[in-house]
Every structure is written in structure tokens, then in C-alpha cells.
Amino acid sequence: MTLQESIWLVLSVLGVFSIIIIITRIFGLRTFAKMSSIDFASTIAVGSVLASIILNNDYSLLKGGIVLISIISLQTVFSLLVRKNDFFKKIFTNKPQIIMWNGKILQDRMKRCNVGENDLIAKLREANVHKFSEVKAVIFESTGDVSVIHNDKEKSVEPRMFKDVDTQGVNI
């Protein structure tokens, strides 16, 4: 690699990071949040474009900036459609699933979500659970994340916590 190529590489990285910062300031932090499958796909596409801009000599900074703005604009439009239209929400988002309820692992739901018991137990450890009886609910979120709601006998769980969650067959 020549000195000129090295300088171009550093300038490309600075340019790309500047574009990303501007895009994030315009479109908001959700741009890189993993809130839905659309957000996840957008993040992967942005990463691919960034690598292409930086590593390919024939991939201009302007062209890369246009592609990045297009991806993030599309993501913004999709997230708006999903928020405003139930049809788009149903098509483009997965419904969160309860995979553990009142300390009992729901094997059929875990199988449906392709989650193994070892994965569930690892998430319980991350949530500082010592015994299954300490768990009110474990929810496999639409993002692929796992949420653990601890079982506090003195507190009931706000019903809105399960608003979009598939609770069919679970007595809440």
C-alpha cells in the first residue's frame, strides 16, 4: 500500500464517519437500534456499504453517502408504516413470545422460537436469576432479545407489558 492509498483510506473513514454522524443526527438514534427485523437488515446493509466505501477504490464517497441516506430513509419509511398501519406491522414485525411463565419453561413456545433451554438459562443468569421460581415471565422479543420479568409476589405486572405479546394459551 502506498502512502497516497493510506491517506485516501484514512480520509474515506473520516468521510464515512462524518456522513454516519450527520445521518444519525437527522434521522435519530433509532437508525442503529435493533428494534425490528427492518432495523436489523438496515444495520447490516449500512455496515456493508461502509466497508465498500472504505475498501473499494471505485466506490465514491458521494455514491456511498447517497446509498446510506437511501437505506436509512427506507428504514424510516418502513418504521413509520409499521407504527401507523396494522397491516404493515403484521407483515414486517414478529410478535414477541412468552417462553417462560411463573417459573415454568414453555417448551412448545421455545421450539417455535428456535430457542434452546441452554440459551434461556444463559439469559436467566444474565438477568441475575437464581431460581426459576424468581421468574414471572421471559419474553422472546421481536428483535431476538430476551426480556426477563422477575417474580415479585407483592407486585402485579402492568397488563400493558404484554400488549403486543403472544399470550395465547398462557393464563395471565
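Being a predicted model, the structure only gives us computed values, none of them experimental. (Residues numbered from 1 in each chain as written. Predicted model: local features only at pLDDT ≥ 70, side-chain atom pairs only at ≥ 80, totals over all residues. Heavy atoms only, no water.)

Asks: What is the right way to read the overall build of the protein from this model?
Replies: Summing up its helical and strand segments, the protein has six helices and four strands in all. In terms of overall dimensions, the protein is more spread out than a globule: its C-alpha atoms have a radius of gyration of 21 Å, far above the 16 Å expected for 172 residues. Each of the 172 residues in the protein was classed as buried or not, and the buried ones make up 31%. Contacts spanning at least 24 positions in sequence make up 53% of the contacts within the protein whose residues lie at least 6 apart. Surface summary for the protein: the accessible area is close to 11600 Å², and the carbon and sulfur share equals 59%. Separation of charge centres in the protein, based on 21 positive and 16 negative side chains, amounts to 5 Å. (Helix = DSSP H or I, 4+ residues; strand = E, 2+ residues; numbered from the N terminus. Rg over C-alpha atoms; globule rule 2.2 N^0.38 Å. Buried < 20%, exposed > 50% of the residue type's maximum accessible area, 1.4 Å probe, protein only. Contact = heavy atoms within 4.5 Å. Areas by Shrake-Rupley, 256 points an atom, 1.4 Å probe, with all protein chains shown as cover. Lys, Arg positive; Asp, Glu negative; His and termini not counted. Charge placed at Lys NZ, Arg CZ, Asp CG, Glu CD.)

Asks: What am I meant to see in the nonpolar core here?
Replies: A general tendency of soluble globular proteins is for nonpolar side chains to be buried together. In this structure, Ile99, Met100, Leu120, Leu124, Val135, Val138 and Val148 are the most contacted members of the largest nonpolar core, which totals 13 residues. For this core, the elements supplying multiple residues, two or more each, are strand 1 (97-101), helix 5 (107-113), helix 6 (117-126) and strand 3 (135-140). In contact with Met100, not counting residues within four places along its chain, are Ile105, Leu106, Leu120, Leu124, Phe132, Val135, Lys136, Ala137 and Val138. Ile20, Val46, Ile53 and Ile54 belong to the second largest nonpolar core, which has eleven residues in total. (Core = buried A, V, L, I, M, F, W, Y, C linked by side-chain atoms within 4.5 Å.)

Asks: Where do I start with a nonpolar patch on the surface in this structure?
Replies: Together, Leu3, Ile7, Trp8, Val10, Leu11 and Leu14 give the surface a local cluster of nonpolar side chains, amounting to about 610 Å² of exposed area. Relative to the helices and strands, Leu11 resides in helix 1 (residues 3-27). Classification of Leu11 as partly exposed rests on a relative accessible area of 46%. (Patch = residues over 30% accessible without salt bridge, like charges linked within 9 Å, V, L, I, M, F, W, Y side chains within 5 Å. Salt bridge = Lys/Arg side-chain N within 4 Å of Asp/Glu carboxyl O.)

Asks: For this particular structure, what's the right way to read the pattern of salt bridges?
Replies: Opposite charge on two side chains makes pairing possible when the charged atoms of those side chains draw close. Within this structure, the stated rule accounts for five salt bridges. A salt bridge links Arg109 to Asp166, with the nearest nitrogen and oxygen atoms 3.8 Å apart. Separated by 57 residues along the polypeptide, Arg109 in helix 5 and Asp166 in the segment after strand 4 (146-150) bring together distant segments of the chain. Among the residues examined, Arg109 registers a relative accessible area of 4% and is labelled buried. For Asp166, a relative accessible area of 14% gives the class buried. Between Glu158 and Arg160 there is a salt bridge whose closest N-O contact spans 3.4 Å. Given a relative accessible area of 41%, Glu158 falls into the partly exposed group.

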